[in-house]
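Structural features, examined
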Amino acid sequence: MLVPRRTLLGLGAGLAASALTPALRVAVAQPGGPFTLPALPYPFDANEAAIDARTMEIHHGLHHRAYVNGLNAAVADHSRIAAMPLDQILLRFTEMPETIRTAIRNHGGGHANHSMFWLIMGGRGGEPSGELAAAITRDFGGFAQFRERFDRAAMGVFGSGWAFVTVNRHGGLAIVQRPNQDSPLMDGDRVLMGNDVWEHAYYLRYQNRRAEYVRNWWNVLDWARIGERYDAAKAGTLTI
Amino acid sequence: MAFTLPSLPYAHDALAASGMCQETLELHHGKHHQAYVTALNGFVEKDATLQGKSLEEIVKLSYGKAEMAGVFNNAGQHWNHTLFWPCMKPNGGGKLPGKLEAKIVSDFGSVDAFKDAFKQAGATQFGSGWAWLVVGKDGKLACTKTPNGSNPLAEGTGTAILGCDVWEHSYYLDFRNRRPDYLTNFLEKLVNWEYVESLLAKA
C-alpha cells in the first residue's frame, strides 16, 4: 500500500534525471537526494496516549516522506541550495529562486516541521522544568496559561496548519500560527515546539474532534528534549 | 432566518460502493458541514449587519476582510458544501451528457484534457481547499482551485458548476494520503454529470 514516489503535489515525479550524474540517478530512483527522512526516535506506538500507531506510520512514512521527496526534487537542479542545511534554506527563503520558492516553502517547511514534531514527542507529558519552566512563567504567566493559549492557537488554525512556540536567542517565547507547512524559520524565528493540526495528523482516531487531539497531544511531549532545544536556542545551536 | 444544513440528496451509505464510505459522509455532512452552518449562524446572530443577507451576499461582503475571516470561512464552507453534495450521486461518473461534453470539448480540447486540468487543480491545492469547474466571465469553461473556505463566487472567477472538496476530511478515511486517487475516483465514479450540465445551462 506504500506509494513512496507519489506526492500530493506531484512534484516528486518530475526530477530532471538527465542533469544528474549516473550515481545520483541511482540514488534518486531509490529515491534519494540531499535530504532524507529521519528515522522516528521511538516505535510507531510510542505516542499511543495521543496518536495511534497507524497514524504515526502513515504520517511519518507517507506524508513526511512526500515532503522530503518534494524538497529533493525542488533542489535537484540547484546544487548550491542542495548543499545548504535546511534551516538556512528556510531562513533565506526570500533569496531562493522564484521557480522553486513555492516548492521549498511547502516541502522544505513540511520537512522541517515534521522533523521537529517527531523529536519533541515520545515522552510522557507532564511539565517542563528549570530554565524553560521559568521562561514560560515569565512570558505567559504559568504553564496552565501557556497551554491554554497554545491550544487556542491550534484550534484557531482554519484548514491545514500548525501552532508553534518560537524562541529567540535570549530565550523569549512566543506562540504563533502558520498555515499549511509554512515554517517560522521563513520569518527568521527558531521553533521550540509545534503541533501539527492538518487533518492527517488526527483524522483516523479523532475525525472532526480536533480539540480532543490537541488536548491529548500534551500527554506525549518529551519535556527533557524540549528543554534541550531551549538550551540550544539560547546557545545559538538550534537548527530546525 | 437561520441558515440550515441541507439534506443529502442520497443516503449516507449510497456512495460507499463508489469510493466514499458511509462514515466519511456521516462525518463530512453531519459534523463538518453542520459545524460551518452552526458557526455561521453564531456570527449572524451577533452582527446585525449580516442579518437578512443571503449566503451569497455574506460570502461576497466578507471576502478579503481580515476582521471578517471567521464569517467568511464558515459562510464560504457552507456555500461550498451546498454545491458539493448534489454534484455527486450513486453510480456517478460515466459518459458526460451531450451539451456538457460538447462545451468541454470546445473549451478544453477533449474530455480527458478537462479531467487532467481538474485533477491538476485539486492535486496542487496545497493544504485544504477546493477544485472547481467554472464558467468564466468570457463564457469559457476553466478549472481553478481555491484555499480553505474560499470559492469562485468570492474570488469573482466565474460561476462554479462543479466543485470537489480536497480538505483531507473528504478523503482521508477512504484514500489516506492519496489525494490524486480520490480526485480520479471523484470524476470517474461519483460526479453527477447531469447535475453539472443543469448548472451549465443556468450559468
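Residues numbered from 1 in each chain as written. Chains lettered and ligands numbered in written order. Predicted model: local features only at pLDDT ≥ 70, side-chain atom pairs only at ≥ 80, totals over all residues. Heavy atoms only, no water.

The next point concerns the sheet that holds strand 2 (residues 173-179) of chain A. The strands making up a sheet are joined through hydrogen bonds of the backbone, oriented either antiparallel or parallel. All names here are of chain A. Strand order across the open sheet formed by three strands is 2-1-3, with antiparallel pairing between neighbours. Two strands bound the open sheet, and with one partner strand each, they are strand 2 and strand 3 (190-196). Strand-to-strand twist in this sheet, taken as the mean axis angle between neighbours without regard to direction, amounts to 25°. Alignment of strand 1 (residues 161-167) against strand 2, held across seven bridges, turns out to be antiparallel. (Pairing = 2+ DSSP bridges. Helix = DSSP H or I, 4+ residues; strand = E, 2+ residues; numbered from the N terminus. Axes fitted to C-alpha atoms, helices over the stretch in contact; angles between N-to-C directions.)

All right, on to the pattern of salt bridges then. The final tally for this structure, using the stated rule, is 14 salt bridges over all chains. One salt bridge connects Asp139 of chain A with Arg138 of chain A, and the closest N-O pair in it is separated by 2.9 Å. Taking the relative accessible area as the measure of exposure, Asp139 of chain A reaches 27% and is therefore partly exposed. For the salt bridge of Lys95 of chain B with Glu101 of chain B, the shortest nitrogen-to-oxygen distance reads 3.0 Å. A relative accessible area of 64% means that Lys95 of chain B is categorised as exposed. (Salt bridge = Lys/Arg side-chain N within 4 Å of Asp/Glu carboxyl O. Buried < 20%, exposed > 50% of the residue type's maximum accessible area, 1.4 Å probe, protein only.)

All names here are of chain B. With 59 residues, the main nonpolar core has Met88, Phe118, Leu162, Tyr182, Phe186 and Trp193 as its most contacted residues. Residues from two domains meet in this core; each of domain 1 (20-87) and domain 2 (98-202) gives at least three. Residues in contact with Leu162, not counting those within four places in the same chain, are Leu83, Cys87, Phe114, Phe118, Ala131, Trp132, Leu133, Phe186, Leu187, Val191, Trp193 and Val196. (Core = buried A, V, L, I, M, F, W, Y, C linked by side-chain atoms within 4.5 Å. Domains from an automatic or database assignment. Contact = heavy atoms within 4.5 Å.)

So, about helix 2 (residues 55-62) of chain B. Residue and element names in this part refer to chain B. Along helix 2, the positions that sit buried rather than exposed are Leu55, Ile58, Val59 and Ser62. The buried residues of helix 2 all sit within an arc of 100° when viewed along its axis, so they share a single face. Within two residues after helix 2, Gly64 carries a phi angle of roughly 75°, on the positive side. (Arc of directions from axis to C-beta.)

Residues and elements named next belong to chain B. For chain B, the assigned domains are domain 1 (20-87) and domain 2 (98-202). Counting from both sides, the interface comprises 23 residues of domain 1 and, opposite them, 27 residues of domain 2. When the buried area of domain 1 at its contact with domain 2 is split by residue, Met20, Phe84 and Cys87 rank highest and sum to 27% of it. The interface formed by domain 1 and domain 2 includes zero salt bridges. Across the contact surface, domain 1 and domain 2 share eleven residue pairs in polar contact (both at pLDDT 80 or more). Taken together, the elements giving at least two residues each to the side of domain 1 that touches domain 2 come down to helix 1 (22-46), helix 2 and helix 3 (69-84). Considering every element that reaches the side of domain 1 that touches domain 2, the biggest residue donor is helix 3, with nine residues. Partitioning the side of domain 1 that touches domain 2 into residue classes produces twelve nonpolar, eight polar and three charged. (Buried area = accessible area lost by both parts, 1.4 Å probe. Polar contact = N/O pair within 3.5 Å; in protein donor to acceptor, adjacent residues only side chain to side chain. Nonpolar A, V, L, I, M, F, W, Y, C, P; charged D, E, K, R; others polar.)

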